[in-house]
Every structure is written in C-alpha cells, then in structure tokens.
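Secondary and tertiary structure notes
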Amino acid sequence: AQTVTQSQPEMSVQEAETVTLSCTYDTSESDYYLFWYKQPPSRQMILVIRQEAYKQQNATENRFSVNFQKAAKSFSLKISDSQLGDAAMYFCAYRSARGGSEKLVFGKGTKLTVNP
Amino acid sequence: DTEVTQTPKHLVMGMTNKKSLKCEQHMGHRAMYWYKQKAKKPPELMFVYSYEKLSINESVPSRFSPECPNSSLLNLHLHALQPEDSALYLCASSQDWDNLFYTQYFGPGTRLTVL
C-alpha cells in the first residue's frame, strides 16, 4: 500500500519570503499522480498544484512550484513571495495511475503560518 | 468553474435524529465522493459514486447511507449517529472514473455535531 509522509506538522514563514513544505511517499508503482491541496481555516480544500510522475519537468502554478524527485520519492512544495492568504493546512496526496485506483492517499498535513 | 456546493454548512443533531447532507456539482463530473475529516487530520474516504452507482464503500457503518439521485447530486443520509461521528463532511467530484488522470474538487464541507 502506498503511504504519504509529511514530516513537518507545522511551518512558519515571514510574509514575502519563501518556504518549502516536504512530502515523501512510498510506492512500488512507476506511474502515478501527486497533488498538493490547501485547506484554509475556512476549510474548503483547494487544489494548489499537481504533477504527473511520467513528466520530468516540475509543475509550476504562479508562486507555487514543486521539486519532484522521482527516484527519491520526494515531492516538495515551494511557495515564493508568501502572502497572508497562504496560511492554511497543506496536504500532499498520491493517486495511482492504475485503472480503478480512485483513492487519494493523503499525508497528515503541514500547518503553515504566515507572519506579517 | 470548479465549484462543488454543500448544504447545510453546519448541522447539529441528536442521536435519534434523521438528517441529510447534500452535495451538488454542475461540472459534468461523473465521479463523486464523500469524505469524513476530523480536526487536524486528513480526509478519510467514505464512499465513491461513479456514473451514479456506488463503487466504493470504505466499510462505513450503516448509519451513513449515501444516495446519488442523478449525476449532479450526492446525498448522505444520517440516522442514529454517535457523538464520535461529529466531524467535517466533505464532498468532492472528479471528471471521470476510469480517467487515468483526474483531479478531485472539494466542496466547503458540512460541519456536523452529534449531541
């Protein structure tokens, strides 16, 4: 079974600075998808960024980018120019590419605080 | 528009009550999901519907009864709940069941308190 580990229960960053959230996963599969979701205190889970394992190029969405290291099974999220609105719980998630594997496997989350 | 709506936002119920949670999406998604989320924990999958048919039941107690009346709606009927069932209930939807690459879009959730 796949597992996702987020080793940082809490992180903090100063506004306008850069922060990196860590995520590692364990799988024996070669094809899969990885996601970062953000859940602010208002609680709606919002997709931040996603990565296809077969793509070597790291995904980027505005101030959010990932460092995907397939061999190391690492999928970290970098937030540049942090804003107060980035404060939230961040969940890393894994999904197998195998047909019929519909489940998202979530990490335990990292709570990000942004200090003004 | 990647919007999933859920009603009500908050629900307080006694252990003998019967209530329902509702979820709606108009993105043409054919897979819909119910998750339960406890405070400071990741979501736990409860049910998956694909093309209006129940595809996955993660060994959820029968006091939770899902229903998918049509491709846009998903209900969760609640009966004889326990205080430990108090949680945030999230609905999500995604483009297709067998699509090899899909993204789940979540609703804002219903905060359920069982007294």
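Everything here concerns the structure above.
Residues numbered from 1 in each chain as written. Chains lettered and ligands numbered in written order. Predicted model: local features only at pLDDT ≥ 70, side-chain atom pairs only at ≥ 80, totals over all residues. Heavy atoms only, no water.

Side note on the nonpolar core
Side chains that are nonpolar tend, in soluble globular proteins, to be buried together. Residues and elements named next belong to chain A. In terms of nonpolar packing, the biggest core is built from 25 residues, with Tyr25, Trp36, Phe75, Leu77, Tyr90 and Leu112 touching the most fellow members. Elements supplying a minimum of two residues to this core: strand S3 (19–21), strand S5 (32–39), strand S6 (46–52), strand S8 (64–69), strand S9 (74–79), strand S10 (88–96) and strand S12 (110–115). Ranked by residues supplied to this core, first place goes to S10 with four residues. Discounting residues that sit within four places of it in the chain, tyrosine 90 has contacts with Gln6, Leu21, Trp36, Tyr37, Lys38, Val48, Phe64, Leu77, Ile79, Gly109, Thr110 and Leu112. (Core = buried A, V, L, I, M, F, W, Y, C linked by side-chain atoms within 4.5 Å. Buried < 20%, exposed > 50% of the residue type's maximum accessible area, 1.4 Å probe, protein only. Helix = DSSP H or I, 4+ residues; strand = E, 2+ residues; numbered from the N terminus. Contact = heavy atoms within 4.5 Å.)

Here we look at the sheet that holds strand S7 (residues 64–70) of chain B
Residues and elements named next belong to chain B. If you walk across this open sheet you meet the four strands as S1-S3-S8-S7, and the pairing is antiparallel. For this open sheet the edge positions go to strand S1 (4–7) and S7, each flanked by a neighbour on one side alone. In this sheet, adjacent strand axes meet at a mean angle of 20° when their direction is disregarded. (Pairing = 2+ DSSP bridges. Axes fitted to C-alpha atoms, helices over the stretch in contact; angles between N-to-C directions.)

Observations regarding the layout of surface pockets
Unoccupied space between atoms shows up once a probe the size of one water molecule is rolled over them. Residue and element names in this part refer to chain A. Of the voids in this model, the largest pocket is the one considered here, and its volume is about 620 Å³. Breaking the lining of the largest pocket down by element, the ones donating at least two residues are strand S1 (3–5), S10 and S12. Sort the elements by how many residues they give to the lining of the largest pocket and S10 lands first, with three residues. Taken together, the residues of the lining of the largest pocket sort by class into twelve nonpolar, six polar and eight charged. (1 Å grid on protein atoms, 1.4 Å probe; cavity = no way out; pocket = protein on both sides within 12 Å on 5 of 7 lines; lining within 4 Å. Points joined across faces, edges and corners; volume = space filled by probe spheres on them. Nonpolar A, V, L, I, M, F, W, Y, C, P; charged D, E, K, R; others polar.)

Regarding empty space enclosed by the protein
All names here are of chain B. A full pass over the atoms with the stated rule returns one cavity of 30 Å³ or more. Quantified by volume, the largest cavity comes out at close to 30 Å³. Forming the walls of the largest cavity are His29, Arg30, Met32, Tyr49, Tyr51, Glu52, Cys68 and Ser71. By residue class, the composition of the lining of the largest cavity is four nonpolar, two polar and two charged.

Function cannot be read off these values alone, since they describe shape.
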